Amino acid sequence: MAHGLRRLSALLAALAVGSSSAQATYGFPDCVNGPLKDNAVCDVSKDAITRATALIDLWTNEELTNNTVNASPGVPRLGLPAYNWWSEGLHGVAQSPGVAFAPSGEFSHASSFPQPILMGAAFDDPLIRAVASVVSTEGRAFNNAQRAGLDYWTPNINPFKDPRWGRGQETPGEDPFHLQQYVYNLIVGLQGGVDPKPYFKVVADCKHFAAYDMDNWEGVVRYGFDAKVTQQDLSDFYLPPFQTCVRDAKVASVMCSYNAVNGIPSCASSFLLQDILRDTWGFTDDRWVTSDCDAVQNIFTPHNFTDNPAQAAADALLAGTDIDCGTFSSTYLPDALAQGLITRADLKRAAVRQYASLVRLGYFDPPESQPFRQLGWADVNTPEAQQLAHTAAVEGMVLLKNDGVLPLSKRIRKLALIGPWANATTLMQGNYAGIAPFLISPLLGAQQAGFEVEYVLGTGVTTGNDTSGFPAAVAAARRADAVVFAGGLDETVEREEVDRLNVTWPGNQLDLVAQLERVGKPLIVAQFGGGQLDDTALKNSRAVNAIIWGGYPGQSGGTALFDILTGKTAPAGRLPITQYPAVYATQVPMTDMTLRPSATNPGRTYKWYSGKPVFEFGFGLHYTTFSFAWSSPASKTFSIAQLVAHGRKSAAFVDLAPLDTFAVRVTNTGKTTSDYVALLFVSGTFGPAPHPNKQLVSYTRLHGLAPRKSAVAELTVTLGAIARADESGAKWVYPGTYTLALDTTGELKHTFTLTGEAAKIADWPADTSS
């Protein structure tokens, strides 16, 4: 996130040694005896904007410009404490400028859940809401101890379009519909409801707005990159998760991204920050926009969008960027004010938005009347949170290959555990992580599962020609009953500011696996990391008996892995991204933002990819078998006019109105109790050409389906899920023949027809700024 991770890394280094200088301290205004006690900001009977306006009216111009940055100094003369708007909580309360972990004892750690890419693979919306609720509970507890803020700059909901993107690990996956459901549940869990009254639990922040999915590729760097995106692709792919986050889940803040979109830096784009965000989606004035860190400065350089720094700071403020993560705005807005580029009213508007948000967090209200203010250390790392972190890791892991070796036979007692992930600890957390209460490595997980384990590193993730560790690994494999190779990616090759140049296994890991194959023992490859790797060689090798993908699994990753390998729990995760063959990286540059296949692009994501994936989006094997049947007859014809008319009456927005609910009876026909993720896709030649291969329109996860038992998956399909965007970005429901298919293998199919004229169900504003 930060333009510098250099600045952040210095802070994190101080945190790691428990430096008191790194302590993030927070206070609350004194509305009983302090200077503000008679100001309307302390009047709980008034609305948030009225209260915030009364406070901001007291500020001088200097105080207004000083408080345009994330590290707000507050207004000491008014008893208004300093406040850092930047705390992180992507998958647990995380180290960041606004968060300070204690060196030991209370508040020295927080629950560390899997990275979103693995939680996304669970396709379990209630799980995501539960995880978010724990994160916000622990965040509030940290705030009450003056160790974190109330604003958490999470989640990252940019679709994971390109497999080379280093930050894909932070996202739930590549499909916008999936991300919409994920982010809705996440925001509700974090904020404590949909626009909750009387108080937000914490304020979440949907980022990075917009069309941001490249950091540093072939010398092209995010800070000055201009993403050329059609309105059709913005509406259809890049922005649906943000629409759900803002319009439906009512998130309280949004982050504008480093890149420009069609020539205008995102943080200076009134089209993005006003026309779409506020005018179209209803982002109200008790909510604020922050820049990504130093992105306001980037408007001036390297975007070179303005001739001078003051104009860049002014452009950001006028477009709708209320907070500058950095110091650029506080440095140059005084000049902009003096030059008449902005007015005092412009500064007040931004400040009111920020402090109205704090009013809604109970910042000025008596603590005794607020349940969230009572949370403390006893609410952090509870047994329930520990179990949830374990469940999230188990549910997300995806079985990619299994010739029957899994679950491991009880006769297998001695394991050779080999590879750079075999003894991973903090590596299991990925980025934007906090200090975990414990970290169970694959090695510890194997030992706790009762195996006699011989651990050999063998090689590193990026080791090149050094094979000195191979002989010991092969010798251990010969002495073992079975071999588990744990490898893949790590943060040396995929992270913020680091994109990959290919999708092949890095270093010489596959060379070591090839030697292990020749040993002839049962061989399982546990592949970790956020992005996918080309597993063609492993998939095709008869000597590789199983492959399991584990993402970045968090504090209980080792336990989760061996729960699945031993059959204590059955796998049911599904790939939230496409696994492409290696050639994909040579066929399209990361800078190409188009989705549809062309002479220079094989197509992006499962919806448009014209090649053959190694493993497709939604793929995942089980330890059991299932049979499927429609639970009730499904309609074969729908009138578009009737659907839209009913939707206008029954739903807050027409795209949320139902087409129908398709019920599937799922029966476990095998011998192992298992979850089942029901994925429902639609395909057809409706709407403008070219047409997607298929698109996800509904999903749900059934839990604990025992042998010979059945359960019904209720799959509701909305009008928005089947709608498509025209070239202007408007969403339409088109007449034509639609085919529904259950699962990637089309276990059940149903064809229906939409009749009548095409109907527009959502407008899209015209971009007149480019």
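Everything that follows concerns the structure shown earlier in this document.
So, a few notes on the structure that sits alongside this text.

The rules behind these values
Residues numbered from 1 in each chain as written. Predicted model: local features only at pLDDT ≥ 70, side-chain atom pairs only at ≥ 80, totals over all residues. Heavy atoms only, no water. Buried < 20%, exposed > 50% of the residue type's maximum accessible area, 1.4 Å probe, protein only. Helix = DSSP H or I, 4+ residues; strand = E, 2+ residues; numbered from the N terminus. Pairing = 2+ DSSP bridges. Salt bridge = Lys/Arg side-chain N within 4 Å of Asp/Glu carboxyl O.

1. A few points about the pairing of strand 16 (residues 546-551)
Counting buried residues along strand 16, six of its six residues qualify, which places the element largely inside the surrounding structure. Residues Ala546, Ile548 and Gly550 of strand 16 are buried on one face, and the alternating residues Ile547, Trp549 and Gly551, pointing to the opposite face, are buried as well. In this structure, strand 11 (residues 398-402) lies alongside strand 16, joined through four bridges in antiparallel fashion. Within strand 16, the position partnered with Asn402 by the bridge is Ala546. Pairing analysis gives five bridges linking strand 15 (residues 523-528) to strand 16, with the strands arranged parallel. Note that in strand 16 the partner of Gln527 across the bridge is Trp549.

2. Quick notes on the pattern of salt bridges
With the rule as written, the count across this model stands at 36 salt bridges. One salt bridge connects Arg164 with Asp162, and the closest N-O pair in it is separated by 2.7 Å. Both residues of the pair, Arg164 and Asp162, count as buried. Here Glu452 and Lys414 are joined by a salt bridge, their closest N and O atoms 3.9 Å apart. Linking Glu452 in strand 13 (residues 452-456) with Lys414 in strand 12 (residues 414-418), this pair joins segments that are 38 residues apart in sequence. In this structure, a network of salt bridges that share partners links the residues Arg167, Glu170, Asp215, Arg222, Glu496 and Glu497.

3. Description of unusual backbone geometry
Note that the residue after Thr154, namely Pro155, is joined by a cis bond; omega there is 15°. Secondary-structure assignment places Pro155 in the loop between helix 5 (125-144) and helix 6 (176-191). The omega torsion across Phe209 and Ala210 is 25°, close enough to zero to call that bond cis. Here Ala210 lies in the loop between strand 3 (206-209) and strand 4 (216-217). Within the chain, Phe123 stands out as a residue other than glycine whose phi angle is a positive 50°. As for its placement among the helices and strands, Phe123 is situated in the loop between helix 4 (116-120) and helix 5. Of note in this structure, Lys250 is not a glycine but carries a positive phi near 60°. Secondary-structure assignment places Lys250 in the loop between helix 8 (240-248) and strand 7 (253-256).

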